[in-house]
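Okay, here's what each chain looks like letter by letter:
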Amino acid sequence: GDSVTQMEGPVTLSEEAFLTINCTYTATGYPSLFWYVQYPGEGLQLLLKATKADDKGSNKGFEATYRKETTSFHLEKGSVQVSDSAVYFCALAVSGGYNKLIFGAGTRLAVHP
Amino acid sequence: DVKVTQSSRYLVKRTGEKVFLECVQDMDHENMFWYRQDPGLGLRLIYFSYDVKMKEKGDIPEGYSVSREKKERFSLILESASTNQTSMYLCASSKTNLETQYFGPGTRLLVL
C-alpha cells in the first residue's frame, strides 16, 4: 500500500546550519506531497506542498522538490533558526478523493544557538 | 483566518469510561478527520467524514466511533476507554477537492 518513510530523528543543528530531512514514498498513481510542521504544544500546520513531478514547494525558507524518479520529497533549508525547532512530517495525499493523507513518522528538529 | 478547535487540550479518564472528543471548524469544510498521534508512528487516521451523517473508517477504527450531525462539528467517541488509547488526538478539516488539511491543536488523552 501507500506509505511514507522519513529519516529518524532527532536532528540537532546549530543556528545557521544547513538542514536536510529525507522523505521517500511509495504510492500508486501520482500523489500530491506535503510537509507539515508541528511546533511544541500545537497542531500541525502545512509548510509546503507539491502536486506533480518536478514541482518545488517553498515557504519560510524551506524547499522541497517532488522527484518522481527517486520517489523522494526531501525538505531543505539553507540556514536554520532556533524558532525552526519542531517536528516535521512528510505526507502524501492518496489519489481518489476525500483528501486522505498518509504521514511519515515525523522528524524532530532541535536548533541550538 | 481558518480555525479548527478541539474541546479539550488535556483529558484524564478511567478505563471503561465513555469519552467524547469534540472538534469544530468554522471554514464550511466538507471533509473532517480524526487522527491519533503516537511517537514513532506519526499520525494514523481513525475515521473521516465527507458530509453530514456520512463517515468512513480509516486505518485504525477499532475501539472508536464518530458522529457528524452538523457540518461544522465532528465528534470522536471512545465507547469504553482502554489504556492503549492513551494518545494525542488531532482533528483536521479540508475543503472537497482541495488537499490542504487544517489541524486543531490536539487533545492529549490519558486513560488510567
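Up top is the structure these notes are about.
The rules we used
Residues numbered from 1 in each chain as written. Chains lettered and ligands numbered in written order. Predicted model: local features only at pLDDT ≥ 70, side-chain atom pairs only at ≥ 80, totals over all residues. Heavy atoms only, no water. Helix = DSSP H or I, 4+ residues; strand = E, 2+ residues; numbered from the N terminus. Rg over C-alpha atoms; globule rule 2.2 N^0.38 Å. Buried < 20%, exposed > 50% of the residue type's maximum accessible area, 1.4 Å probe, protein only. Contact = heavy atoms within 4.5 Å. Areas by Shrake-Rupley, 256 points an atom, 1.4 Å probe, with all protein chains shown as cover. Core = buried A, V, L, I, M, F, W, Y, C linked by side-chain atoms within 4.5 Å. Polar contact = N/O pair within 3.5 Å; in protein donor to acceptor, adjacent residues only side chain to side chain. Pairing = 2+ DSSP bridges. Axes fitted to C-alpha atoms, helices over the stretch in contact; angles between N-to-C directions. Phe/Tyr/Trp six-rings, centres within 6.5 Å; stacked < 30°, edge-to-face > 60°. Disulfide = S-S within 2.5 Å.

Chemist: Just checking my understanding: could you explain the overall build of chain A for this structure?
Modeler: Per the secondary structure count, chain A includes 0 helices and 12 strands. Ordered by position from N to C terminus, the α and β elements of chain A give β-β-β-β-β-β-β-β-β-β-β-β. The globule rule puts the C-alpha radius of gyration for 113 residues at 13 Å, and the 14 Å found for chain A is close to it. C-alpha atoms of chain A, sized along the principal axes, occupy 45 × 30 × 20 Å. A buried classification covers 43% of the 113 residues belonging to chain A. When contacts within chain A are restricted to residue pairs at least 6 apart in sequence, long-range pairs at least 24 apart make up 55% of them. Accessible surface, chain A: about 5,300 Å² in total, of which carbon and sulfur atoms supply 48%.

Chemist: Quick question: what am I supposed to make of the nonpolar core here?
Modeler: All names here are of chain A. Membership of the largest hydrophobic core comes to 26 residues, with the highest contact counts inside it found for Leu19, Trp35, Leu47, Leu48, Phe73, Leu75 and Tyr88. Counting only elements with at least two residues in this core, the list comes to strand S2 (11–14), strand S3 (19–21), strand S4 (23–26), strand S5 (32–38), strand S6 (44–50), strand S8 (62–65), strand S10 (86–93) and strand S12 (107–112). In terms of residue count, S10 provides more of this core than any other element does, 4 residues in total. In contact with Leu75, other than residues within four places in its own chain, are Leu19, Thr20, Ile21, Trp35, Leu47, Leu48, Phe62, Glu63, Ala64 and Tyr88.

Chemist: Sorry if this is basic, but what is going on with the environment of Trp34 of chain B here?
Modeler: All names here are of chain B. Its location among the elements puts Trp34 in strand S4 (residues 31–38). Note on Trp34: relative accessible area 0%, which makes it buried. Taking the C-alpha atoms as reference points, Trp34 and Lys18, separated by 16 residues in sequence, lie 17 Å from one another. Among the polar contacts listed, one links the side chain of Trp34 to the backbone oxygen of Phe74, at a separation of 3.3 Å.

Chemist: Hey, could you run me through the sheet that holds S3 of chain A in this one?
Modeler: Backbone hydrogen bonds hold the strands of a sheet together, and the pairing may be parallel or antiparallel. All names here are of chain A. Strand order in the open sheet formed by 4 strands is S3-S9-S8-S7, and the pairing between neighbours is antiparallel. For this open sheet the edge positions go to S3 and strand S7 (56–59), each flanked by a neighbour on one side alone. Within this sheet the neighbouring strands show an average axis-to-axis angle of 15°, counted without direction. Across 3 bridges, S8 lies against strand S9 (residues 75–77) in antiparallel orientation. By the bridge assignment, Phe62 is partnered in S9 with Lys77.

Chemist: Can you help me understand the packing of aromatic side chains in this one?
Modeler: For any pair of aromatic rings, the description consists of the separation of the ring centres together with the inter-plane angle of the planes. Overall, the coordinates contain 12 aromatic pairs over all chains when judged by the stated rule. When the ring of Phe33 of chain B is compared with that of Tyr35 of chain B, the centres are 6.2 Å apart and the planes differ by 25°; the resulting orientation is stacked. Across the pair, exposure class does not vary: Phe33 of chain B and Tyr35 of chain B are buried alike. Taken together through their ring pairs, the aromatic side chains of Phe34, Tyr36, Phe89 and Phe103 of chain A together with Phe33, Tyr35, Phe48 and Phe103 of chain B make up a single cluster.

Chemist: Sorry, what's going on with the state of the cysteines here?
Modeler: Among covalent bonds in proteins, the disulfide is the one between the sulfur atoms of two cysteines. Following the criterion strictly, the structure yields 2 disulfides over all chains and no others. Covalent S-S linkage joins Cys23 of chain A and Cys90 of chain A, the inter-sulfur distance amounting to 1.9 Å. Because the torsion about its S-S bond is -70°, the bridge between Cys23 of chain A and Cys90 of chain A counts as left-handed. With a gap of 67 residues between them, Cys23 of chain A in strand S4 and Cys90 of chain A in strand S10 connect regions that are remote in the sequence. Per residue, the accessibility class of Cys23 of chain A equals that of Cys90 of chain A, and both read buried. Note on cysteine connectivity: Cys23 of chain B is disulfide-linked to Cys91 of chain B, with sulfurs 1.9 Å apart. Across the S-S bond linking Cys23 of chain B and Cys91 of chain B, the dihedral sits near -75°, which makes this disulfide left-handed.

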